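Residue-level structure breakdown
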Amino acid sequence: MSQHETYRNKRVVVTGAASGIGRQTTEFLLAAGAKVIAIDRNAPDLKVEQFVSVDFTKPETIDAAAKSIDGEIDVLLNIAGVPGTVDPEIVMRVNVLGLRMLTELLIDRIRRGGSITHVASIAGAQWAAHLDEVQRLLATPDYATGLEWLGDHKMDSKRAYDFSKECVVVMAKQQGKWLRERGVRVNTVSPGPVQTPILKDFRESIGPLLDLVTRETGRNATATDIARVILFLSDPTLEWLNATDVQVDGGFMSGLVGGWVKLG
Ligand SMILES: NC(=O)c1ccc[n+]([C@@H]2O[C@H](COP(=O)([O-])OP(=O)(O)OC[C@H]3O[C@@H](n4cnc5c(N)ncnc54)[C@H](O)[C@@H]3O)[C@@H](O)[C@H]2O)c1
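Figured I'd write up the structure that's included with this text. (Residues numbered from 1 in each chain as written. Predicted model: local features only at pLDDT ≥ 70, side-chain atom pairs only at ≥ 80, totals over all residues. Heavy atoms only, no water.)

1. Focus on the packing of aromatic side chains
Counted by the stated rule, this structure contains two aromatic pairs. Centre to centre, the rings of Trp149 and Phe163 are 6.0 Å apart; their planes meet at 15 degrees, and the pair counts as stacked. With Trp149 in helix H5 (residues 143-152) and Phe163 in helix H6 (residues 157-175), this residue pair connects regions lying 14 residues apart in the sequence. Assigned by exposure class, Trp149 and Phe163 land together as buried. (Phe/Tyr/Trp six-rings, centres within 6.5 Å; stacked < 30°, edge-to-face > 60°. Helix = DSSP H or I, 4+ residues; strand = E, 2+ residues; numbered from the N terminus. Buried < 20%, exposed > 50% of the residue type's maximum accessible area, 1.4 Å probe, protein only.)

Rendered as structure tokens:
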């Protein structure tokens, strides 16, 4: 039995499939015999069932993408994202507003027993401290009103990235109600530093703290480390893992509590 055998013939939508964590996840899914519908601004160099070109900064392309996907799907993996080195509005468009819009457009098409996994980050770990602000953004009903709210609540790129991931973690907790209502589980995976093309951007926006995480845990994650957890959480045979966030960081965040990692 090959790894991830439970995905055989499942229809899986993967955003961010062209690079890094999304590409590795797609490779595993294809090896397991899944039918992958890849969504990205760039075409992946993998033999997927369908590639849909989307720019998450442009809501009309998300709408068109949802229309171009036929029939029902089993799993939605929201992996696409941008780092805190780009314009704060772009960060929020891609990491939160676009992710939410695609998810809401596809939810009625996800079969009972299906799942959704969003990729957040340990950068979003302080969501509880900012819950009011996060809930206010998430209370906006759509992409356009989300943008209006952001226009009134300016933040720099670094804060926009952390805030975007706090929003993703809390969004999944809200969407956890879909298990009861529709039989679809929603969870988040929060990686620490991962060896992908955007790691250099994180080094620029986060600074020495990023190297401290790497030093304290011994290495950066690989895309494989994260893809395996995404596929575990989203596995069609799991039924009761819902609305939770799984930190995949070599134990760094827990080590702060456990006292075996130190901030400086
Ligand atoms: N690499 C890390 O250290 C790290 C750590 C924590 C969380 N993450 C998160 O993991 C996810 C995947 O990141 P990665 O490290 O694989 O990076 P990556 O740059 O290798 O992959 C990101 C993918 O998202 C796509 N994308 C970006 N903007 C887009 C847009 N406007 N429209 C459509 N597609 C777009 C890119 O084309 C790319 O294929 C992101 O959500 C990121 O925030 C990464």
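More follows now that the structure is in view.
2. Things to note about the sheet that holds strand E2 (residues 35-40)
One open sheet holds the seven strands; their spatial order is E3-E2-E1-E4-E5-E6-E7, and the pairing between them is parallel. Edge positions in the sheet fall to strand E3 (50-53) and strand E7 (245-248), since each has one partner strand and no second. Taking the axes of each pair of neighbouring strands and ignoring which way they run, one obtains an average angle of 15 degrees across the sheet. Note: strand E5 (residues 110-119) against strand E6 (residues 185-191), five bridges, orientation parallel. Looking at the pairing, Ser115 lines up with Arg185 of E6. Against the sheet, helix H1 (residues 20-31) engages strand E1 (11-15), E2, strand E4 (73-78) and E6, with an angle of about 165 degrees to E1. (Pairing = 2+ DSSP bridges. Axes fitted to C-alpha atoms, helices over the stretch in contact; angles between N-to-C directions. Contact = heavy atoms within 4.5 Å.)

3. A word on the nonpolar core
Core analysis: the biggest nonpolar cluster contains 49 residues, and Leu137 and Phe163 have the highest contact counts within it. Counting 27 residues, the second-largest nonpolar core is a separate cluster that includes Leu46, Leu77, Ala223 and Leu231. (Core = buried A, V, L, I, M, F, W, Y, C linked by side-chain atoms within 4.5 Å.)

4. What to know about empty space enclosed by the protein
Counted under the stated rule, the structure contains one cavity of 30 Å³ or more. Within this model, the largest cavity holds a volume of roughly 40 Å³. Lining of the largest cavity is provided by Thr15, Phe56, Asn78, Ala80, Val94, Gly98 and Leu99. With three residues, helix H3 (residues 88-106) is the single largest residue contributor to the lining of the largest cavity. (1 Å grid on protein atoms, 1.4 Å probe; cavity = no way out; pocket = protein on both sides within 12 Å on 5 of 7 lines; lining within 4 Å. Points joined across faces, edges and corners; volume = space filled by probe spheres on them.)

Spatial relationships are all this shows, so hold off on functional conclusions.
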